[in-house]
Amino acid sequence: MSTDDDHRGPPDDVQLQSMRSFAESLRGQFETLVSEGPRLAREAREVSVTERSSDGLVKVTVDPRGAILALDLDPRIYRRPDARALGESILDTIRRASEAAQERVLDIFEPVVPRDQMRVQLQGSPEDVLEDVQDRLNRREGM
């Protein structure tokens, strides 16, 4: 069984130049990551973000992965006891803090890893990461 790939023939000069350029770009990106990576990783590990709820009664601090480091509840929450509203406020504040922490990590790595690629690394499963790499390679091959 043959496919269209079997009949494409050797790459032309434009395709070869594109592949060389892509390979050179990857090599440069890799070298920068090797030299700067340890410092950037340390900096990213030190990220912590504190957010307050809109009413100021909830304060949450998270680490770079969004894990809660601190949760402070202002005693004024007892003036109007509403467990459901308090729970929603806590969850919303955690979500905003986690998103802000992730954005800081993306900012730290942006000089060496494109933001969209780093986002896949942070948010994706191993399958998502592999699919992202395959998609990028396939786009380059199609040039």
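Right above here is the structure, for reference.
Please read these numbers as outputs of a predicted model, since none were measured by experiment.

### Here's the deal with the nonpolar core
Consideration 1: Of all hydrophobic cores here, the largest spans 18 residues; its most connected members are Val47, Val62, Ile108 and Phe109.
Consideration 2: Taken together, the elements giving at least two residues each to this core come down to helix H1 (13-45), strand E2 (58-62) and helix H2 (83-109).
Consideration 3: With 8 residues, the top contributor of residues to this core is H2.
Consideration 4: Dropping the residues within four chain positions of it, Val62 is found in contact with Val47, Ser48, Val49, Ala67, Ile68, Leu69, Ala97, Ser98 and Ala101.

### Considering the pattern of salt bridges
Oppositely charged side chains are able to pair whenever their charged atoms sit close together.
Consideration 1: For the coordinates displayed, the defined rule picks out 14 salt bridges.
Consideration 2: Of the charged contacts in the structure, one is a salt bridge between Arg39 and Glu36, with a shortest N-O distance of 2.6 Å. A residue pair is termed a helical-turn pair when its members lie 3 or 4 positions apart in one helix, as Arg39 and Glu36 do in helix H1 at 3 residues.
Consideration 3: The salt bridge involving Lys59 is made with Asp72; its shortest N-O contact spans 3.9 Å. Remark: Asp72 occurs in strand E3 (residues 68-73) and Lys59 occurs in strand E2; sequence separation between them is 13 residues.
Consideration 4: A residue is classified by how much of its surface remains accessible, and Lys59, at 26% relative accessible area, is partly exposed.
Consideration 5: Take Asp72: its relative accessible area is 39%, and that puts it in the partly exposed class.

### Things to note about the packing of H2 against helix H3 (residues 115-123)
Consideration 1: At a closest axis distance of 10 Å, the pairing of H2 and H3 adopts a crossing angle of 130 degrees. Taken together, the axes of H2 and H3 lie oblique to each other. Classified by chirality, the crossing of H3 by H2 is right-handed. Across the interface between the two elements, Gln102, Glu103, Val105, Leu106, Asp107 and Phe109 from H2 touch Arg115, Met118, Arg119, Leu122 and Gln123 from H3.

### Considerations on the pairing of strand E1 (residues 49-52)
Consideration 1: Note: E1 against E2, 4 bridges, orientation antiparallel. The residue bridging Glu51 from the neighbouring strand is Val60, located in E2.

### Looking at the sheet that holds E3
Consideration 1: Read across the sheet, 3 strands follow the order E1-E2-E3 without closing on themselves; strand pairing throughout is antiparallel. Only two strands of the sheet have a single partner each, and these edge strands are E1 and E3. Here the strands of the sheet are splayed against their neighbours by 15 degrees on average, with no regard to which way each runs.

### Some points on the side chain of Asp63
Consideration 1: Inspection of the secondary structure assignment puts Asp63 in the loop between E2 and E3.
Consideration 2: One buried charge, Asp63, has no salt-bridge partner; the nearest side chain with opposite charge is Arg65, at 6.1 Å.
Consideration 3: There is a polar contact of 2.9 Å between the side chain of Asp63 and the backbone nitrogen of Arg65.
Consideration 4: Among the polar contacts made by the side chain of Asp63, one reaches the main-chain amide nitrogen of Ala67 at a distance of 2.9 Å.
Consideration 5: When near neighbours in sequence (up to four residues on either side) are disregarded, Asp63 contacts Val47, Leu69 and Ala101.

### Focus on the pairing of E3
Consideration 1: By the bridge criterion, 5 bridges tie E2 to E3 in an arrangement that is antiparallel. Directly across from Val60, in E3, lies its bridge partner Leu71.
Consideration 2: Counting the residues that bridge the hairpin from E2 to E3 gives 5 residues, and of these Gly66 lies at a positive phi of roughly 90 degrees.

Cut-offs applied
Residues numbered from 1 in each chain as written. Predicted model: local features only at pLDDT ≥ 70, side-chain atom pairs only at ≥ 80, totals over all residues. Heavy atoms only, no water. Core = buried A, V, L, I, M, F, W, Y, C linked by side-chain atoms within 4.5 Å. Buried < 20%, exposed > 50% of the residue type's maximum accessible area, 1.4 Å probe, protein only. Helix = DSSP H or I, 4+ residues; strand = E, 2+ residues; numbered from the N terminus. Contact = heavy atoms within 4.5 Å. Salt bridge = Lys/Arg side-chain N within 4 Å of Asp/Glu carboxyl O. Axes fitted to C-alpha atoms, helices over the stretch in contact; angles between N-to-C directions. Parallel < 35°, antiparallel > 145°, perpendicular 65-115°, else oblique. Left-handed = near helix turned anticlockwise from the far one by under 90°. Pairing = 2+ DSSP bridges. Lys, Arg positive; Asp, Glu negative; His and termini not counted. Polar contact = N/O pair within 3.5 Å; in protein donor to acceptor, adjacent residues only side chain to side chain.

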